[in-house]
Amino acid sequence: MLKAKRFVPVAIASIFSFVLMTNAPAQQPNPTSAVATVEVTPSLKEAEVGQQVKLTVVAKDASGNVVKEEPSTFFAGPFDIAAADDSGNVKLFGAGEVTAGALVGGKPGFTTFKVKPATIKTVEISSIKSPIAVGTTMQLEATTRIFSGDPRTGVTMSWTSDKPSVATVDAGGVVTGIGPGTATISATAEGANGATAVTVVKSNVRGLVIEPRSTTSRTGDVVHFTAKGNPSGDFTPQWSVSGSGATIYSDGAFVAEQPGTYIINASAGNITTTASVVVTPRNAERELEVVGRAPFKEFQGAEEWIIGNYAYYSTVSDRFLVYDISDPAHPKLTDTVKVDARLVNDISTTADGKILVISREGASNRKNGIAFYDTSDPAHPKLISEYTATVTGGVHSAFVNGHYVYLTDDATGSLRVIDFADVKNPKEVARWQTENPAASMIRTKEGEEIGGRYLHDLQVKDGLAYLAYWHDGLVILDVGAGIKGGSPEHPQFVSQFRFNHNELYGNGWLAGTHSVFRDRNYLFIGDEVLPAFFDITSHKRIPVRGICH
């Protein structure tokens, strides 16, 4: 679920109403104001990521005369690509369509403008690690990235070879070995360049064998094929597969989305060999039976944590619920715990179930953070302590691992690590964040908050922290795995995998890397995709989209 980013209900005449994500408190029309209409004009109708757009606001009365009244609030959204400060400056963090405006005398005025994708900063070409034989063709894969590191596709690219007598390359990046030697293959896009070396050898391979020669798998399984030459040597085979329901990658990894029999081809120069794989349906379908329910109508549910015979249920409100589920057909509410928050999102316990941790957003005193509860009596949790010192801006998600809580800091978009070995006196022991060049501080009368960097969710397993970092994609940190010498007190960067959510979903969507879950050697990453503006407290269903990677 998206964090409660301080919503402002604004009625737009009688056409529609929605909730704008901004720092301002809810505004109602001022009965003493002469303002009838508000005109908002952006300094640019088409901007680029990283730029700033200035809003000019003119208020008029019912006769069309200009009213000298200053805006009480500026706003812009979706909040993950734009934010406005109290001076009407809109800072841009991502591509798409921005809706911005101002409130004058309680009357709203709106404008829209486009934010085009940033220009290409780098071109990365995947290297061919082994020589290719004369006559062999290979497809080079190139990734174009903008200044933030996010990929951008659909970019016109030009390819060249510095030695066409050794290797040629066509407009699609397909390299053909012509003669022995080494050639540099270059790609250019919007002024950015990338290059890789390709070595071509005269093949002495007289025969090829694929292993396994014949095998079976299920849809979705990955099968690794290898090609061995006779005589053996260091060469790069060219792989292909028959049919449109499967893919084989340059390293020989095969996966099928549709059942059937597939022929695998490997070639080196003019030598070709084949193998086969029979793919059967995965048959993952299962029937589910609803055993019991615990419905409620006055607020919405958020997340749940089940341990033993108890279910702890957070809500989009100022409370969390406790259910006895020893009889699954008849869940019994044992307690309703009130808290100072508008949203209790994450809820979980330690592995032994003795301590419960909740995250809080929208507290009336602006002291959000997390709270620890004693669950010695699991039916009736009792407050032990709170931690708010460095996370007063709100905590959306928290993950308990040992005596540490890894949590998301709404105000700064950073990861915080809280040590609760002394649960009555929890303390922060680490902070880590991505350094997104588009991120900047937005200052309003309500306070300061970072724009352009948002950590949404996380999981810690086997000494690795997996962070769902919204527009920064997936980030993996070493917090004790021994890969980079990290620990909970000193998280160390391991790797990052980026997405381009504007390309995935288009304009008009609030979209980013939402959640992450690891099972064995696979990571499942879920996107959250919501309308640009919505009311999280509404009981009406919100149209959403999403992809699981």
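Residues numbered from 1 in each chain as written. Predicted model: local features only at pLDDT ≥ 70, side-chain atom pairs only at ≥ 80, totals over all residues. Heavy atoms only, no water.

(A) Expanded view of the domain arrangement of the protein chain. Looking at the assigned domains, one finds that the protein chain contains domain 1 (38-116), domain 2 (122-201), domain 3 (207-280), domain 4 (301-432) and domain 5 (438-548). Each of domain 4 and domain 5 has a C-alpha centre, and these two points are 20 Å apart. In this assembly, 21 residues from domain 4 lie in contact with 21 residues from domain 5. Carbon and sulfur atoms make up 62% of the area that domain 4 and domain 5 hide from each other, which totals about 1900 Å². Our count for the domain 4 to domain 5 interface comes out at 0 salt bridges. (Domains from an automatic or database assignment. Contact = heavy atoms within 4.5 Å. Buried area = accessible area lost by both parts, 1.4 Å probe. Salt bridge = Lys/Arg side-chain N within 4 Å of Asp/Glu carboxyl O.)

(B) Main features of the environment of R453. Within the secondary structure, R453 sits in the loop between β43 (447-451) and β44 (457-461). On the basis of relative accessibility, which here comes to 8%, the residue R453 falls in the buried class. Through-space distance from the C-alpha of R453 to that of S414 is 8.0 Å; in sequence the pair is 39 residues apart. Discounting residues that sit within four places of it in the chain, R453 has contacts with T412, G413, Q433, T434, E435, N436, A439, Y469 and D472. (Helix = DSSP H or I, 4+ residues; strand = E, 2+ residues; numbered from the N terminus. Buried < 20%, exposed > 50% of the residue type's maximum accessible area, 1.4 Å probe, protein only.)

(C) Molecular detail of the sheet that holds strand β11 (residues 107-116). Taken in spatial order, the 4 strands line up as β4-β11-β10-β7 in an open sheet, and their pairing is mixed. Two strands close off the open sheet at either side, each with one partner strand: β4 (46-48) and β7 (73-77). Within the sheet, the average angular offset between the axes of one strand and its neighbour, ignoring direction, is 30°. Of the strand pairs in this sheet, strand β10 (residues 96-104) and β11 are connected by 9 bridges, and their pairing is antiparallel. Bridge pairing links G101 to F110 in β11. (Pairing = 2+ DSSP bridges. Axes fitted to C-alpha atoms, helices over the stretch in contact; angles between N-to-C directions.)

(D) How the structure looks around unusual backbone geometry. With an omega dihedral of 5°, the bond running from G77 to P78 counts as a cis peptide bond. Note on placement: P78 falls in the loop between β7 and β8 (82-84). Residue P212 is reached from E211 by a cis peptide bond, and omega for that bond is -5°. Looking at the element boundaries, P212 is found in the loop between β21 (207-211) and β22 (214-218). Of note, R366 is a non-glycine position whose phi angle comes to about 60°, a positive value. Note on placement: R366 falls in the loop between β35 (355-361) and β36 (370-374).

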